[in-house]
Amino acid sequence: MRFSEILGQEHIKNHLQQSANNGRIPHAQLFVGKEGSGTLPMAIAYAQYLLCNNNPNADTCNLQCDKLAHPDLHFAFPVATNSSVKKHPISNLFLNDWRTFVSQQPYGNLFNWLQSIGIENKQGNIGVDEAESIVKTLKLKSFEGGFKVMIIWMAEKMNIAAANKLLKLIEEPPEKTIFILVTENEEQIIGTIRSRCQTLHFPVLSESNIVEGLIASENINENEAKKIALQADGNFNKALHILKNDSSDLQFEEWFITWIRAAFRAKGNATVINDLISWSETIAKTGRETQKRFLNYCLQFFRQALLTNYNASNLVFLETKSPGFDLKKFAPFIHGNNIESINKELNDAIYHIERNGNGKIILLDLSIKLTRLLHAKE
């Protein structure tokens, strides 16, 4: 992947190229950015620049990197067992799937990746088996005598045992060995790892970057691209998701409306608690990544309702498809006196699900709290 293929982030591209040209290459770097900001494509482009820029066989080197098949370019990423890998999953067992995923969805998120290898109902992680594989790989001499680059994607999914095993290697790697850790949440990476990395923060993409990317990659007109870019929150992966009208959004809308209606009816009607229990069981069966995506969808839905309530129609893009549900009628129940509490409860639920809490209990607790919050007076 070349720097020219990456949307926006021009100052980061220039910084990485200039520092490499001047020989100032930190042995461990942490690329921090929200989903869809281009951290993974940038890491790959930077690795390719280090491996190929002064390579006497630059054409061959670039061709190998374009295919993610250069012998000195290594990857680690969250994995779990699936129908093909029954035990001790490590990234090397999924390399063909990884190459396909990156070529098709370079701005994709963790859920997209897990979905592509058939484990979207599990939480992928970077475990101690992975750490041992990284140590063995990087002890070998580089194939071409130059740099070896290890890209660790979604490094926040590295568990404590793996992080501790890699700590010494990241602190004192073999000569010409470069670590690039890519993360959406640096606070979830243990401090001893973070302190050994030089950190680069990526801003979200501008609307013009997303418009440019959609026109170039999806061949749509400028007006449609601008409408999507407004909704994308600087996230190119989200922009593609909106364009392709992913069917999961319709399912999420159905779950949300069922939930809201039950929460409204529950006040003063104890029998409705059975509906909320049933709803919680349904969502809890879907897997943790789907639960987190759904709760993030709910956050967005509540924000759109708030904007509708306060007549900020130019910022409202949500269009519900479920018959009998009117966002304008729902909006007055979401206001300044309850939106902060609703956001807090949803974010707390996401936090506990990420940490392997019991999904059914977390969602039922959230439902009961929502029943109270929806009836709060403005």
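Residues numbered from 1 in each chain as written. Predicted model: local features only at pLDDT ≥ 70, side-chain atom pairs only at ≥ 80, totals over all residues. Heavy atoms only, no water.

1. Details of the pairing of strand 4 (residues 177-183)
Next up, step 1: Of all seven residues in strand 4, seven are buried; the element is thus mostly enclosed.
Next up, step 2: With burial as the criterion, each face of strand 4 is covered, one bearing Thr177, Phe179, Leu181 and Thr183 and the other bearing Ile178, Ile180 and Val182.
Next up, step 3: By the bridge criterion, five bridges tie strand 1 (residues 28-32) to strand 4 in an arrangement that is parallel. If you follow glutamine 29 over to strand 4, its bridge partner there is isoleucine 180. (Buried < 20%, exposed > 50% of the residue type's maximum accessible area, 1.4 Å probe, protein only. Helix = DSSP H or I, 4+ residues; strand = E, 2+ residues; numbered from the N terminus. Pairing = 2+ DSSP bridges.)

2. Thoughts on the sheet that holds strand 3 (residues 148-153)
Next up, step 1: Taken in spatial order, the five strands make up an open sheet running 2-3-4-1-5, and their pairing is parallel. With partners counted over all chains shown, the strands left at the sheet margins are strand 2 (73-76) and strand 5 (198-201), one partner each. Averaged over all pairs of adjacent strands, the angle between their axes in this sheet comes to 20 degrees, without regard to strand direction.
Next up, step 2: Strand direction decides the pairing type here: strand 3 and strand 4, joined by six bridges, are parallel. What sits directly across from isoleucine 151, in strand 4, is isoleucine 180. (Axes fitted to C-alpha atoms, helices over the stretch in contact; angles between N-to-C directions.)

3. Comments concerning the packing of helix 2 (residues 39-52) against helix 3 (residues 58-66)
The axes of two packed helices give the description: the angle between them and the distance between them.
Next up, step 1: Here helix 2 crosses helix 3 at 155 degrees, and the two axes come no closer than 9 Å. The angle between the axes of helix 2 and helix 3 places the two elements in the roughly antiparallel class. Considering how the two elements wind past one another, helix 2 and helix 3 form a crossing that is right-handed. In contact with Gln48, Leu51 and Cys52 of helix 2, helix 3 contributes Ala58, Cys61, Asn62, Cys65 and Asp66.
Next up, step 2: Split into classes, the residues belonging to the contact of helix 2 with helix 3 amount to five nonpolar, two polar and one charged. (Parallel < 35°, antiparallel > 145°, perpendicular 65-115°, else oblique. Left-handed = near helix turned anticlockwise from the far one by under 90°. Contact = heavy atoms within 4.5 Å. Nonpolar A, V, L, I, M, F, W, Y, C, P; charged D, E, K, R; others polar.)

4. Thoughts on the state of the cysteines
Next up, step 1: Applying the stated criterion across every chain yields a total of one disulfide.
Next up, step 2: Paired by a disulfide, cysteine 52 and cysteine 61 hold their sulfur atoms 2.0 Å apart. When the S-S torsion is -80 degrees, as for the bridge of cysteine 52 with cysteine 61, the disulfide is left-handed.
Next up, step 3: Take cysteine 52: its relative accessible area is 3%, and that puts it in the buried class.
Next up, step 4: The thiol sulfur of cysteine 65 is not disulfide-bonded, and the nearest other cysteine sulfur, from cysteine 52, lies at 3.8 Å. (Disulfide = S-S within 2.5 Å.)

5. Considering the environment of lysine 176
Next up, step 1: Within the secondary structure, lysine 176 sits in the loop between helix 7 (160-171) and strand 4.
Next up, step 2: For lysine 176, a relative accessible area of 41% corresponds to the partly exposed category.
Next up, step 3: Along the sequence, lysine 176 and methionine 154 sit 22 residues apart, while their C-alpha atoms lie 23 Å from each other.
Next up, step 4: With residues up to four places along the chain from it excluded, the contact list for lysine 176 reads Gly145, Gly146, Phe147 and Lys148.

6. Things to note about the side chain of lysine 148
Next up, step 1: In this fold, lysine 148 is placed in strand 3.
Next up, step 2: When sequence neighbours within four positions are dropped, the list of residues in contact with lysine 148 reads Asp72, Leu138, Leu140, Lys141, Ser142, Pro174, Lys176, Thr177 and Ile178.

7. Quick look at the pairing of strand 1
Next up, step 1: Within strand 1, five of the five residues are buried, leaving the element largely enclosed by the surrounding structure.
Next up, step 2: One ladder, built from four bridges, connects strand 1 with strand 5; its direction is parallel. When the sheet's bridge partners are listed, leucine 30 is paired in strand 5 with threonine 199.

8. Remarks on the packing of aromatic side chains
Next up, step 1: The full count for this structure, using the stated rule, is 30 aromatic pairs.
Next up, step 2: Ring geometry for phenylalanine 77 and tryptophan 113: centres 5.1 Å apart, planes at 80 degrees, overall edge-to-face. Of this pair, phenylalanine 77 sits in the loop between strand 2 and helix 4 (95-104) while tryptophan 113 sits in helix 5 (residues 110-116), and the two are 36 residues apart along the sequence. Pair check on accessibility: phenylalanine 77 and tryptophan 113 agree, each one buried.
Next up, step 3: Its end group placed over the ring of phenylalanine 147, lysine 176 keeps NZ or CZ at 5.7 Å from the ring centre. (Phe/Tyr/Trp six-rings, centres within 6.5 Å; stacked < 30°, edge-to-face > 60°. Lys NZ or Arg CZ within 6 Å of the ring centre and 35° of its normal.)

9. Overview of unusual backbone geometry
Next up, step 1: The phi angle at methionine 154 is positive, at roughly 55 degrees, despite the residue not being glycine.
Next up, step 2: The backbone of asparagine 356 shows a phi angle near 65 degrees, a positive value even though the residue is not glycine.
Next up, step 3: Topologically, asparagine 356 is positioned in the loop between helix 16 (339-354) and helix 17 (359-374).

10. Comments concerning the environment of proline 174
Next up, step 1: With respect to the element layout, proline 174 can be found in the loop between helix 7 and strand 4.
Next up, step 2: Taking the C-alpha atoms as reference points, proline 174 and lysine 141, separated by 33 residues in sequence, lie 8.9 Å from one another.
Next up, step 3: When sequence neighbours within four positions are dropped, the list of residues in contact with proline 174 reads Leu138, Lys148 and Leu169.

11. Quick word on helix 7
Next up, step 1: The end-to-end C-alpha distance of helix 7 is 16 Å, a good match for the 16 Å that twelve residues give at a rise of 1.5 Å each.
Next up, step 2: Every buried residue of helix 7 is accounted for by Ala162, Ala163, Leu166, Leu167, Leu169 and Ile170.
Next up, step 3: Residues of helix 7 that are buried make contact with strand 1, helix 6 (128-139), strand 3, strand 4 and helix 8 (191-194). (Expected span 1.5 Å × (residues − 1).)

Remember that the coordinates give geometry; whether it matters functionally is a separate question.
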